[in-house]
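Per-entry structural report
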Amino acid sequence: MFFSLSPFQQAARFCRQNQFVFSGAVWLACAGAASALHAQAGTPIHIDASRPFVQPGPAAYQEGSATSPRGITLGVNSRYLTLDGKPWLPVMGEFHFSRYPRAQWEDEILKMKAAGVNIVATYVIWIHHEEIEGQFDWSGQRDLRAFVQLCAQHGLYVEPRIGPWDHAEVRNGGLPDWVVKQGPTRENDPVYLKAVRAWYGQVAEQLKGLLWKDGGPVIGIQLENEYSKRGPNAGEAHILELKKIAIESGLDVPLYFVTGWDNAVVPRGAVIPVYGGGYPDAPWDGSIRKLPPAEVYAFRFQSRVTANVNAGDESMTTTQSRPWDHLPYLTAEIGGGIEDTYHRRPVIHPDDIATMFPVMLGSGVNLYGTYMFQGGENPDGKLTTLQESQATGYPNDLPIKSYDFQAPLGEFGDERESFRKLKVFEYFVNDFGMELAPMMVHAPDKIPKNSGDLSVPRASVRSKGDAGFIFFNNYVRNYAMPARPATQFLIQLPAESGNTTQMLAVPRQPVDIPSGAYFIWPFNLRVNGVTIRYSTTQLFTLLEGAGKTTLYFEAVPGVPAEFALEAASIRSLQASSGERTRSNGVIYLSGIKPGIASAIDLISQEGKSVRLVVLTAREAESAWKVRIDGNEHLLFTNADFFADSSGGSRIWLQSRGSAHFEFAITPPLATPLKASLPLTRTAGNDRVEQFTAEAAVRNISIEVRKIRPAGEAPPVKIGPAPSWRPNGVAEAPPETELPQAAQWSIAIPPGSMQGLSDVLLEIRYNGDLARLYADHRLLDDNFYNGQPWSIGLSRFLNAQGSGSFELSVLPLRSDAPVYFELPQKLQFPLGGQIVQLESVKAVPEYQVVLNAGQ
């Protein structure tokens, strides 16, 4: 728009054409617009959000039984889901129960809940349950019913993804070998459907009484996965047949899903497509070089399927067939990490994951599904190993056991930094999703040409009337985005009475936004009669209590924290920091110092109390909601956190490597805490109280002895190219024990677990891959990527807390056709291969359990 004009000419014409006038706190003056465009180096972002709000229509979908015995209805319209008649924007996280020890399910479920997850999605992987025809195994960690009951116990909904074909980086995509050998699969072949009917019948029996219509947590199921097969006995006819079999088997649920990417088959009216936001990297890609910028970091305004999921780099303005018309934008696979393949081993960083949240919400997503949220490991097979491999005709080689996925919750339950960063957005969705879900999406006047265009700022607005949210992303994995100097969002809003249009400038003076920043800013947010015209801080969460609503915000690093408040909505204001100015009916608070102790206390004209608290990014990432004595609190800690509020309040804090615990609680508790360790109250006032605890320090001495030197690693073989990839990729070494690998014995002494929640074996090595055995049974494996390999030993040690293990490390050849993202380049010896065991140590995981309330 106005490309040939100067910034001041642009502003003048913009004002004349739109007849802008002042309206309260809305920046409408031509002088203000000219100021926003004061220099060519500035970054004005124009977003027209003035079109009238359109109410969602009926969904192009026929639900199953949607009302629970308590009379609560789960609904769907053309834009969002509803729960009990209210807009519902849930957070979903993937957790494969059969890939995790049953004894530790509950801890991980509670961690997911602590982070703001509402729905647990889980593949029910056929080969894990019927590897041998007719011999179903629903015992131990394969017990679907027990897993779903545990989710229900803790107030989480469940979406089983029942296949028959799942993918999930598992052998045959989850189909048992005997099914594959019978004949055609994934189509309406009578022999195949007979087996599927038996499979669905078993799943239905496991879920009997646990469906939504029975008062259970199962609100929907996914049929098949990534299904694009067409032709006789395939296509829509096959999906419809699967749904028919599911219903006849007893799986009557409100929502039937299919995945919507990869040219998917979506029978209109029968199923709802869920989309893949994409992944931060593509380990299935045949390249062994850095990939172009991923599309997942750019907003989607005209397509729900443009992503780097076997799709290449499509234009962001490409239009496609629209199976999503009259259906909400729901997702199932926005990458929570990525599973390394043998030939491609990217290292995923926390911002690679968290950045996608504002991008996808700003694209209109109304169900945010993370795959994977919880890492795991493949169970032992009865006949074969159970990972995807080129040996079984699939395109990639995966670790035999590990399915860590670099997920927010790791293979051994560790809460990674991405877990904390996602939590900030998940709390936002939990608390403000009802307002966000109905909002319409508005694109800026300039958008990037494609995913590789880093020059154009990436932004979006979702709004209803004059209220909404700004979504911004200035981060792309592996690429340095430019800083955005003098940035200002100029948002055209619907007309007020007597005006043609109105503009809101956020903030009032342009600000510099650094490279790597991403956020969601509110505008015209109304709480208890107070109108927040805008804030340059990320809206985080809220607490209700003691007659006051407290809103928590997160300061965006490098961006000054500022609030603009409608003066007419406020009776009184007190702020702990910052400078207050007033102009045109707006009170501006700038220079706010973030911190737990910060506070802006407001009384609305209605006499209601509102407190605004701006936390640092680190504080927000370390803050956890917990309910004690019926009241909500925030607990701040750098330790891993999870809690159970059923039947009282129990809180677990876990710390790897440090016996020292620190935490703070706001508001202070009415009753004293009890704890498994002595607590010291170090500070406190009427706003917050702080505590410390010390566990007994444990130094676990382990014995590491080299028992075999490395031989010469054989040349890496290249597998065949699949039809969709132009080249083959490196094949992993065989699954049998490797004679060329160097080998060490590791002895863990008795009593190692005493007073601890776990012991982590931390291995630092250089090589191609490593495997850990006990009595020649493979326990876990790792494709080398330059990062420490940590293994939780509690599931492998004996009753005395001791264990003996063998570690094998295969040398890495200098000519291996493998992609790495190493912190520093490896120095290969003259022999052309490297194998080094740098260190092995046992890291204690300490724990304190807090009991709060009655």
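Reference entry: report on the structure contained in this document. (Residues numbered from 1 in each chain as written. Predicted model: local features only at pLDDT ≥ 70, side-chain atom pairs only at ≥ 80, totals over all residues. Heavy atoms only, no water.)

**Concerning the pairing of strand E35 (residues 649-656)**
With respect to burial, E35 is a largely interior element, six of its eight residues being buried. Strand direction decides the pairing type here: strand E34 (residues 640-644) and E35, joined by five bridges, are antiparallel. Residue pairing across strands places Asp644 opposite Arg650, the latter belonging to E35. Counted along the chain from E34 to the antiparallel partner E35, the turn is four residues long, and its residue Gly647 has a positive phi close to 65 degrees. Two strands pair when backbone bridges link them, and E35 and strand E50 (residues 836-852) are joined in this way by eight bridges, in the antiparallel orientation. Bridging across to E50, Arg656 finds its partner in Glu845. (Buried < 20%, exposed > 50% of the residue type's maximum accessible area, 1.4 Å probe, protein only. Helix = DSSP H or I, 4+ residues; strand = E, 2+ residues; numbered from the N terminus. Pairing = 2+ DSSP bridges.)

**With respect to the packing of helix H7 (residues 190-206) against helix H8 (residues 236-249)**
Relative to each other, H7 and H8 sit at 40 degrees, their axes nearing to 9 Å. With respect to H8, the axis of H7 lies oblique. Relative to H8, the crossing made by H7 is right-handed. Within the contact between the two elements, H7 uses Tyr192, Leu193, Val196, Arg197, Tyr200, Gly201 and Ala204 and H8 uses His238, Glu241, Leu242, Ile245, Ala246, Glu248 and Ser249. Grouping the amino acids of the contact of H7 with H8 by side-chain chemistry returns eight nonpolar, three polar and three charged. (Axes fitted to C-alpha atoms, helices over the stretch in contact; angles between N-to-C directions. Parallel < 35°, antiparallel > 145°, perpendicular 65-115°, else oblique. Left-handed = near helix turned anticlockwise from the far one by under 90°. Contact = heavy atoms within 4.5 Å. Nonpolar A, V, L, I, M, F, W, Y, C, P; charged D, E, K, R; others polar.)

**Examining the packing of aromatic side chains**
Summed over the entire model, instances satisfying the criterion amount to 40 aromatic pairs. Taken together, a centroid distance of 6.5 Å and an interplanar angle of 45 degrees make the contact between Tyr534 and Tyr588 tilted. Highlighted residues: Tyr534 in strand E23 (residues 530-535) and Tyr588 in strand E29 (residues 586-590), separated in sequence by 54 residues. Of the two residues, Tyr534 and Tyr588, both sit in the buried class. These aromatic residues form a ring-pair network of at least three members: Tyr123, Tyr279, Trp284, Tyr371, Tyr403 and Phe405. Lying across the ring of Tyr342, Arg345 places its NZ or CZ 4.8 Å from the centre. Of note, Lys423 hangs over the ring of Tyr427, and the distance from its end group to the ring centre comes to 5.5 Å. (Phe/Tyr/Trp six-rings, centres within 6.5 Å; stacked < 30°, edge-to-face > 60°. Lys NZ or Arg CZ within 6 Å of the ring centre and 35° of its normal.)

**Brief notes about the side chain of Asp404**
You can see Asp404 is positioned in the loop between strand E16 (402-403) and helix H11 (417-436). Polar contacts involving the side chain of Asp404 include one to the main-chain amide nitrogen of Glu411, which spans 2.8 Å. (Polar contact = N/O pair within 3.5 Å; in protein donor to acceptor, adjacent residues only side chain to side chain.)

**A few points about the sheet that holds strand E2 (residues 74-76)**
The three strands are arranged E2-E3-E4 in an open sheet whose pairing can be described as antiparallel. Here the strands that pair on one side only, and so sit at the sheet edges, are E2 and strand E4 (86-88). Within this sheet the neighbouring strands show an average axis-to-axis angle of 40 degrees, counted without direction. Both strand E3 (residues 81-83) and E4 contribute to a ladder of three bridges, which runs antiparallel. Residue pairing across strands places Thr82 opposite Pro87, the latter belonging to E4.

**As for the pattern of salt bridges**
Scanning the model with the defined rule gives 39 salt bridges in all. A salt bridge links Arg197 to Glu248; the shortest N-O distance between them is 2.9 Å. Residue Arg197 is found in helix H7, and its partner Glu248 is found in helix H8; the two are separated by 51 residues along the sequence. We classify Glu248 as partly exposed; its relative accessible area is 48%. Between Arg533 and Glu566 there is a salt bridge, with the nearest N and O atoms lying 2.8 Å from each other. (Salt bridge = Lys/Arg side-chain N within 4 Å of Asp/Glu carboxyl O.)

**Here we look at the side chain of Arg420**
Examined against the element boundaries, Arg420 turns out to sit in helix H11. For Arg420, the side chain forms a polar contact with the main-chain oxygen of Thr637, separated by 3.3 Å. Ignoring anything within four residues of it in the chain, the contact list for Arg420 reads Glu621, Ser622, Trp624, Thr637, Asn638, Ala639 and Asp640.

**As for the nonpolar core**
One broad rule of soluble globular proteins: the nonpolar side chains tend to lie buried together. Among the nonpolar cores identified, the biggest contains 224 residues, and Phe563, Leu565, Leu612, Leu653 and Phe805 are the most heavily contacted of them. Beyond its immediate chain neighbours, meaning those up to four positions away, Leu565 contacts Thr531, Ile532, Arg533, Ile570, Leu573, Gly585, Val586, Ile587, Leu589, Leu602 and Leu612. Residues Ile491, Leu493, Leu504 and Phe519 belong to the second largest nonpolar core, which totals 24 residues. (Core = buried A, V, L, I, M, F, W, Y, C linked by side-chain atoms within 4.5 Å.)

**A word on unusual backbone geometry**
Across the junction of Val506 and Pro507, the peptide omega takes the value -10 degrees, indicating a cis bond. Mapping Pro507 onto the fold places it in strand E21 (residues 502-513). Here Thr666 and Pro667 are connected by a cis peptide whose omega angle stands at -15 degrees. Positive phi, normally seen in glycine, also occurs at Asn478, with a value near 70 degrees. For Asn478, a relative accessible area of 34% translates into the label partly exposed. Located in the positive-phi region is Asp629, a residue other than glycine, with phi close to 55 degrees. Turning to its location among the elements, Asp629 is positioned in the loop between strand E32 (623-628) and strand E33 (631-636).

**Description of the environment of Ile239**
Within the element layout of this structure, Ile239 appears in helix H8. Taking the C-alpha atoms as reference points, Ile239 and Met753, separated by 514 residues in sequence, lie 50 Å from one another. Beyond its immediate chain neighbours, meaning those up to four positions away, Ile239 contacts Leu223, Glu224, Tyr227, Val258, Val265, Pro267 and Val271.

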